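# Structural description and commentary
So you can see what is in the structure, the chains are spelled out below.
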Amino acid sequence: MDEVKITVRDFDFYYGTNKVLHAISLDIPKNRVTALIGPSGCGKSTFLRSINRMNDIIPGIRVDGKILVDDVDVYGSGIDVVSLRRRVGMVFQKSNPFPKSIYENVAYGLRINGLRDKRKLDEAVSRSLDRAALLDEVKDRLNASALALSGGQQQRLCIARALAVDPDVLLMDEPASALDPIATQKIEELVFDLKKNYTIVIVTHNMQQAARVSDRTAFFMLGKLVEYDDTRTIFMNPSVKLTEDYITGRFG
Amino acid sequence: MRKFKSNLIVALCGASVLLALVPLAMILFYVISRGFSALNWAFFTQTPKPVGEAGGGMGNAIVGTLILIVIAGVIAIPVGVLSGVHLAEFKGTRFSSMVRFAADVLNGVPSIVIGIFAYAIIVLPLKRFSAIAGGFALAIIVIPVVARTTEELLRLVPGGLKEAALALGATRAKAMFSVILPAALPGILTGILVALARVAGETAPLLFTAFNNRFFSTNVTQPIGSLTVQVFTYALSPYDDWIRQAWAGALVLVTMILILSIIARVATRRLERMARG
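All of the points below concern the structure found in this document. In this text, all values refer to a predicted model and were calculated from it rather than measured experimentally.

### Some details on the overall build of chain A
Looking only at helices and strands, chain A has ten helices and ten strands in total. For 252 residues, the compact-globule estimate of 2.2 N^0.38 gives 18 Å, and chain A sits close to it at 18 Å. By its C-alpha atoms, chain A is 55 × 45 × 35 Å across when sized along the principal axes. Looking at chain A as a whole, 53% of its 252 residues qualify as buried. At a minimum sequence separation of 6, the contacts of chain A that also span at least 24 residues come to 68%. Put simply, chain A shows about 11,100 Å² of open surface, and 47% of that area lies on carbon and sulfur atoms. Across chain A, the mean location of the 35 positive side-chain charges is 4 Å away from that of the 33 negative side-chain charges.

Now the structure itself:
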């Protein structure tokens, strides 16, 4: 088994009194792509957003159990959420570039970290755009508004922006669900490349996508982790009947 | 029959629009036709002449109105915008709904009452009328407008932007001031300028705060002239020359407000275009 990056043990999540995640336990390997699949409302997005504590902004939530990133409990006392989020980056379903220039979007995370050095910023911006496979398309118009980019480019810009702060983990919440097939393919190729340097957890509704890009797959249903195994095993030879029914499209 | 009804309603709508526009057109027509003849260079540069002497101008009142707007802006913009930020950021709390209600009530308070308030808390303790007191009274009128506009516009900013900033390690305050507020800025700016343009035309709250001043003054601790109060005083006078000047003052006032409104529009559009690229 690969080196473990994220360890989850008996993790429960409540919206008010409504329990939406039940005793989730799994190990997410380092430098691999782990896909979270399951029908709408199964809790996969909630789980993803628990890893970098993005759910904290919702009032009335409560958690139990542990999520360890590099053996440190992200819900432990004394954890600085801000520095956690710098190590655990996130890309959202709907691309959400800031209404600023392409350059300023990518530089944002570094600037709020206090980086002022223009040369270092320039370097980090082009490196991040390059890693997100966007540099060639935008290098002549870094000062143009990010909102002028196409949907697929905007999403890759958001990936570049997340990479700029140099995280170890990248959480992706259905990053290609709003994109056309060609843009989707680009994102998938990118995810495949990025796993050399990053641990990636990706939520997807698209079964083929999970099969194409991920090494491990976790199947969620009704707030429970039904099955978690190598992607090949999940898709070819699942051990739980429910998983088989879902991936063969019998429900969902 | 159905067609007739439809036509009737269209005609009624058209007539209503005309009815609404006629007063505006007449106001502009009167102000321009009566005011323009009294306008001359001296009107802008000179101060009022003593009773019985013809000529003179409202230079002091024009500058006074500008100073009052600046004082009102300096007080009301930070307070109003920050209150709006608070309302938008802590929208669910009891305190914020109380503040929201208070702002709406304050917005409906007659301006003369606000003048009395400024008189009680600034003019009385300092024992004199002053530009500060006048600007303060105007600021009180502007604050709730700016606060509510800011709140509404901040709420229109997509939640995804806030999430993106937080996910990059921004604190709540950082996300607000580096991403959300800038995204809403063009609209907020319009709100501020429109509110300031509105109070530029206020008379009642200035009567016993800024009072009036026949002489040229830029001292904010002294009474100061303003176009509105000057027009009010002159228009009630029995002297033909003063009444002519009151029209001219009204024309200048309307023009100033028009210019502010145009600046608001142009600046908003330019900022929006910059953001969109």
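Now that the structure is up, let's keep going.
### Observations regarding the sheet that holds strand 4 (residues 61-69) of chain A
All names here are of chain A. Taken together, four strands build an open sheet; the order of strands is 2-1-4-5 and the sheet is antiparallel. If you trace the sheet from one side to the other, it starts and ends with strand 2 (18-29) and strand 5 (72-73), each paired once. Strands in contact with helix 1 (residues 44-51) are strand 1 (4-15), strand 2 and strand 4; relative to strand 1, the strand with the most contacts, it is inclined by about 120°.

### A few points about the sheet that holds strand 6 (residues 88-91) of chain A
Residues and elements named next belong to chain A. In space, the six strands of this open sheet follow the order 6-7-8-3-9-10, with mixed pairing throughout. Of all strands in the sheet, those bounded by a partner on one side alone are strand 6 and strand 10 (224-230). Taking each pair of neighbouring strands and ignoring which way they run, the sheet shows an average axis angle of 15°.

### So, helix 4 (residues 118-131) of chain A
Residues and elements named next belong to chain A. Between its terminal C-alpha atoms helix 4 stretches 20 Å, which fits the 20 Å expected from 14 residues at 1.5 Å a residue. Every buried residue of helix 4 is accounted for by Leu 121, Ala 124, Val 125, Ser 128 and Leu 129. Seen along its axis, helix 4 keeps its buried residues to an arc of 125°; they face one direction. Across from the buried face of helix 4, at angles greater than 90 degrees, the exposed residues are Arg 119 and Lys 120. Two to three positions downstream of the cap, the backbone nitrogen of Arg 119 sits 2.9 Å from a side-chain oxygen, assigning the N-cap of helix 4 to Asp 117.

### As for the environment of Leu 154 of chain B
All names here are of chain B. Position of Leu 154 among the secondary structure elements: in helix 6 (residues 131-156). When the C-alpha positions of Leu 154 and Ile 188 are compared, they lie 8.7 Å apart, and in sequence the two are 34 residues distant. When near neighbours in sequence (up to four residues on either side) are disregarded, Leu 154 contacts Gly 84, Val 85, Ala 88, Met 176, Ile 180, Leu 181, Ala 184 and Ile 188.

### As for a positive patch on the surface
Where like charges cluster on the molecular surface, the positive patch consists of Arg 265, Arg 269, Arg 270 and Arg 273 of chain B. Examined against the element boundaries, Arg 269 of chain B turns out to sit in helix 11 (residues 240-276).

### A few points about the nonpolar core
Of all hydrophobic cores here, the largest spans 83 residues; its most connected members are Ile 6, Phe 11 and Phe 47 of chain A together with Leu 154 of chain B. Within the second largest apolar cluster, 44 residues are counted, among which are Ala 124, Leu 157, Ala 164 and Ile 200 of chain A.

### A few points about the interface of chain A and chain B
Frequently, the measure chosen for interface size is the accessible area that the parts lose on association. Contacts between chain A and chain B engage 24 residues on the former and 20 residues on the latter. Between chain A and chain B, a total of about 1,700 Å² is buried, with carbon and sulfur atoms accounting for 67% of that surface. The three residues of chain A that bury the most area against chain B are Pro 99, Tyr 108 and Ile 112 of chain A, which together make up 26% of that side's buried surface. Counting the contacts that link chain A with chain B gives one salt bridge. Residues Arg 49 of chain A and Glu 163 of chain B are paired through a salt bridge, measuring 2.5 Å at the closest nitrogen-oxygen approach.

### Here we look at the packing of helix 7 (residues 159-167) of chain B against helix 8 (residues 172-200) of chain B
Helices that pack against each other are described as a pair by the angle of their axes relative to one another and the distance between those axes. Residues and elements named next belong to chain B. With their axes 9 Å apart at the nearest point, helix 7 and helix 8 run at an angle of 140° to one another. Here helix 8 runs oblique to helix 7, going by the angle between their axes. Pair helix 7 / helix 8 crosses with right-handed handedness. Across the interface between the two elements, Leu 161, Lys 162, Ala 165 and Leu 166 of helix 7 pack against Arg 172, Ala 175, Val 179, Ile 180 and Ala 183 of helix 8. Its residues assigned to classes, the contact of helix 7 with helix 8 shows seven nonpolar, no polar and two charged.

### Thoughts on the packing of helix 3 (residues 59-89) of chain B against helix 6 of chain B
All names here are of chain B. Direction vectors running N to C along helix 3 and helix 6 enclose 30°, while the axes themselves pass 6 Å from each other. With respect to helix 6, the axis of helix 3 lies roughly parallel. Relative to helix 6, helix 3 is oriented so that their crossing is right-handed. Taken together, the residues of the contact of helix 3 with helix 6 break down into 20 nonpolar, six polar and one charged.

### Regarding the packing of aromatic side chains
If you walk through the whole model with that rule in mind, you get 14 aromatic pairs over all chains. For the pair Phe 47 of chain A and Phe 220 of chain A, a centre-to-centre distance of 5.5 Å together with 35° between the ring planes defines the contact as tilted. In this pair, Phe 47 of chain A sits in helix 1 while Phe 220 of chain A sits in strand 9 (residues 216-221), placing the two residues 173 residues apart along the sequence. Residue Phe 47 of chain A shares its accessibility class with Phe 220 of chain A, and that shared class is buried. Judged by centre distance (6.0 Å) and plane angle (75°), the ring pair of Tyr 119 of chain B and Phe 208 of chain B falls under edge-to-face. Residue Tyr 119 of chain B is located in helix 5 (residues 111-126), and its partner Phe 208 of chain B is located in the loop between helix 9 (204-207) and helix 10 (227-235); the two are separated by 89 residues in the primary sequence. The exposure class of Tyr 119 of chain B is partly exposed, given its relative accessible area of 30%. Given a relative accessible area of 22%, Phe 208 of chain B falls into the partly exposed group. Among the aromatic residues, those joined into a cluster by ring pairs are Tyr 119, Phe 129, Phe 208 and Phe 211 of chain B.

### As for the pattern of salt bridges
Should the charged atoms of two oppositely charged side chains come close, the side chains can pair. Residues and elements named next belong to chain A. Across all of its chains, the model carries 26 salt bridges over all chains by this definition. Close ionic contact of Glu 104 with Arg 111 constitutes a salt bridge, the shortest N to O distance being 2.8 Å. Given a relative accessible area of 31%, Arg 111 falls into the partly exposed group. A salt bridge links Asp 230 to Arg 216, with the nearest nitrogen and oxygen atoms 2.9 Å apart.

Rules used throughout
- Residues numbered from 1 in each chain as written.
- Chains lettered and ligands numbered in written order.
- Predicted model: local features only at pLDDT ≥ 70, side-chain atom pairs only at ≥ 80, totals over all residues.
- Heavy atoms only, no water.
- Helix = DSSP H or I, 4+ residues; strand = E, 2+ residues; numbered from the N terminus.
- Rg over C-alpha atoms; globule rule 2.2 N^0.38 Å.
- Buried < 20%, exposed > 50% of the residue type's maximum accessible area, 1.4 Å probe, protein only.
- Contact = heavy atoms within 4.5 Å.
- Areas by Shrake-Rupley, 256 points an atom, 1.4 Å probe, with all protein chains shown as cover.
- Lys, Arg positive; Asp, Glu negative; His and termini not counted.
- Charge placed at Lys NZ, Arg CZ, Asp CG, Glu CD.
- Pairing = 2+ DSSP bridges.
- Axes fitted to C-alpha atoms, helices over the stretch in contact; angles between N-to-C directions.
- Expected span 1.5 Å × (residues − 1).
- Arc of directions from axis to C-beta.
- Polar contact = N/O pair within 3.5 Å; in protein donor to acceptor, adjacent residues only side chain to side chain.
- Patch = residues over 30% accessible without salt bridge, like charges linked within 9 Å, V, L, I, M, F, W, Y side chains within 5 Å.
- Salt bridge = Lys/Arg side-chain N within 4 Å of Asp/Glu carboxyl O.
- Core = buried A, V, L, I, M, F, W, Y, C linked by side-chain atoms within 4.5 Å.
- Buried area = accessible area lost by both parts, 1.4 Å probe.
- Parallel < 35°, antiparallel > 145°, perpendicular 65-115°, else oblique.
- Left-handed = near helix turned anticlockwise from the far one by under 90°.
- Nonpolar A, V, L, I, M, F, W, Y, C, P; charged D, E, K, R; others polar.
- Phe/Tyr/Trp six-rings, centres within 6.5 Å; stacked < 30°, edge-to-face > 60°.

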